[in-house]
Amino acid sequence: MKKNKWILGFVLLLAACSPRPKVTVQAQRIVIRQISLEYMLLEVRYQVHNPHPVAISVLEVDQTLELSNTVAARGQLEKPVSIPAKKSEQLNVLLKVPFLPMLTPAKDLLTGRTVRYRLVSDMKMKTILGRESRRVLREGELELPLLPGGGLAGLKNVRLEGGPLGTLKLDMIILVPRPKKQLMDTTQVEYLLRIENHTIADGRFPLTRGPENMQKVTIPVSWPIARGATWLPRLATGLPVQFRLRFDLGDETEFLIDKKDTIRINPFSL
């Protein structure tokens, strides 16, 4: 009997001295999710391994991104995320890098240069053993797959055909940035032109390769003016216009322009 108690005590002692399972966190990569004229949206992808027999919760992730030793952006996890028991899960946290105010590293990116980055992430978790913290560091290089720019370059040959309530016709001039290196899964570019609440042009056109940074596209637009009869007295004072342009670069990066403006047309020149 004493021998059995001694054996049991020895086993418990070994269990107490054995190392506790530890949650491991790795910053796998940084993905450029979206590029616009105003900002770059990054997605930081972490791999979190939970060795415990019950689920854990990632409560907070505070990220600080430096570009060329200058703090360019900060980002946080929007809400807690659960990691199942004895599983490894990918955790994605967004980080928005504004191009304005124009820091020197942002200028370098916009001129096509490669910029060194340093990402520091502080992660707080709730586990079966209590609250734990991890600090993750990742360093590398960032380069934009295209030069942000382009968009609606102008409306030309604006005219009314068939009288005051006939058809509004115009040529929409679009400048589209060409990808530098990253191959495209799609070569189709989506566009949309709205005047007030009316969509007067939408569709797709092919994105072609070439040596220039920008591709120029002319799209003829034809729209019955009767659908926007209230436009006529406002042509000279201004009509609100929305222009949207988007396409994918690879399976992860999206280029997006979504601008609102006002156009003025002299009705007596139509």
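Above this text you will find the structure in question.
First things first, this report covers the structure right here in the doc. Every value quoted in this text rests on a predicted model; they were computed, and no experiment measured them.

What follows is about the layout of surface pockets. When its volume is computed, the largest pocket comes out at roughly 210 Å³. Around the largest pocket, the lining is made up of 11 residues, and of these Arg29, Ile30, Val31, Ile32 and Leu142 lie nearest the centre. Mapped by element, the contributors of at least two residues to the lining of the largest pocket are strand E1 (24-35) and strand E8 (130-142). The leading source of residues in the lining of the largest pocket is E1, at four residues. Here the lining of the largest pocket is composed, by residue class, of five nonpolar, two polar and four charged.

If you trace the seven strands from one edge of the open sheet to the other, you get E6-E2-E1-E15-E14-E11-E12, paired in mixed fashion. Each of the sheet's edge strands pairs with one partner strand only, and the pair in question is strand E6 (87-98) and strand E12 (198-206). On average, adjacent strands in this sheet sit at an angle of 20 degrees to one another, irrespective of strand direction.

What the rule picks out here adds up to 13 salt bridges. Glu132 is the partner of Arg134 in a salt bridge, and the nearest nitrogen-oxygen pair spans 2.8 Å. Look at Arg134 and you get buried, because its relative accessible area is 17%. The exposure class of Glu132 is buried, given its relative accessible area of 16%. The salt bridge involving Arg244 is made with Asp258; its shortest N-O contact spans 3.3 Å.

This paragraph deals with the pairing of strand E7 (residues 115-127). Relative to E7, strand E3 (residues 56-67) runs antiparallel, the two being bridged by 10 bridges. Bridge assignment links Ser57 to a residue of E7, and that residue is Lys126. As paired strands, E7 and E8 are joined by 13 bridges and run antiparallel to one another. Across the sheet, the residue bridging to Lys126 is Arg131, located in E8. Count of turn residues in the E7/E8 antiparallel hairpin: two residues.

Cut-off values and rules
- Residues numbered from 1 in each chain as written.
- Predicted model: local features only at pLDDT ≥ 70, side-chain atom pairs only at ≥ 80, totals over all residues.
- Heavy atoms only, no water.
- 1 Å grid on protein atoms, 1.4 Å probe; cavity = no way out; pocket = protein on both sides within 12 Å on 5 of 7 lines; lining within 4 Å.
- Points joined across faces, edges and corners; volume = space filled by probe spheres on them.
- Helix = DSSP H or I, 4+ residues; strand = E, 2+ residues; numbered from the N terminus.
- Nonpolar A, V, L, I, M, F, W, Y, C, P; charged D, E, K, R; others polar.
- Pairing = 2+ DSSP bridges.
- Axes fitted to C-alpha atoms, helices over the stretch in contact; angles between N-to-C directions.
- Salt bridge = Lys/Arg side-chain N within 4 Å of Asp/Glu carboxyl O.
- Buried < 20%, exposed > 50% of the residue type's maximum accessible area, 1.4 Å probe, protein only.

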